[in-house]
Amino acid sequence: MAPAAGLLADALVTAETVTAMSLPAATMVKESVNRTFETTLAKGVRSERRRFHATFATADQKEGMAAVMEKRTPAFVNR
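Now for a description of the structure that goes with this document. Each chain carries its own residue numbering, running from 1 in the direction its sequence is written. Side-chain atom pairs in this predicted model are given and counted only at pLDDT of 80 or more, local residue features only at pLDDT of at least 70, and totals for whole chains, interfaces and linings cover all residues. Water and hydrogen atoms play no part in the side-chain values, which are based on all heavy atoms of the structure.

Summarising the element assignment, Glu63 is placed in helix H4 (residues 59–69). Exposure classes here rest on a 1.4 Å probe applied to the protein chains alone. A residue is buried below 20% of its type maximum, exposed above 50%, and partly exposed in between. We classify Glu63 as buried; its relative accessible area is 18%. Should any heavy atoms of two residues lie within 4.5 Å, those residues are considered in contact. Discounting residues that sit within four places of it in the chain, Glu63 has contacts with Arg72, Thr73, Pro74, Ala75 and Phe76. Helix and strand assignments come from DSSP, with helices taken as H or I runs of at least 4 residues and strands as E runs of at least 2, each series counted from the N terminus.

As structure tokens, this is what we get:
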């Protein structure tokens, strides 16, 4: 938990981190979290698994894996 005095600075750091991520992947993560709050744990896990597998059809997943293998920062294209 951040003290109130540093809350804005912490929020901006978090926002920068999220905006550097792949938009399709970040969207899928948000959907997974929201879905889990609305249903049982078992259904939430199944939903998360389906979304995880769906990321493998994106260009950003391929770029992310290539970046890991090449030990570089990924250049996501949000597709």
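Next up on the list: the pattern of salt bridges. Basic side-chain nitrogens of Lys or Arg form a salt bridge, by our definition, when they fall within 4 Å of a carboxyl oxygen of Asp or Glu. Evaluation of the coordinates by the stated rule reveals three salt bridges. Among the salt bridges present, the one from Arg51 reaches Glu31, with a minimum N-O distance of 3.1 Å. You can see Arg51 sitting in helix H3 (residues 41–55) and its partner Glu31 sitting in helix H2 (residues 23–38), a full 20 residues away along the chain. Residue class for Glu31 comes out partly exposed when judged on its relative accessible area of 37%. A salt bridge links Glu70 to Arg72; the shortest N-O distance between them is 2.6 Å. The exposure class of Arg72 is partly exposed, given its relative accessible area of 34%.

So, on to a positive patch on the surface. For patches, a residue must show more than 30% relative accessible area and have no salt bridge; joins then use 9 Å for like charges and 5 Å for nonpolar side chains, namely Val, Leu, Ile, Met, Phe, Trp and Tyr. Only the protein chains shown count as covering a residue, and every accessible area follows the Shrake-Rupley method with a 1.4 Å probe. Residues counted as positive are Lys and Arg, residues counted as negative are Asp and Glu, and His and the chain ends are not counted. For this purpose, a charge sits on NZ of Lys, CZ of Arg, CG of Asp or CD of Glu. On the surface, Arg35, Lys43, Arg46, Arg49 and Arg50 cluster together to form a positively charged patch. Per-element accounting of the positive patch gives the leading share, four residues, to H3. Along the polypeptide, Arg49 turns up in helix H3.

Shape is all these values report; function is a separate question.
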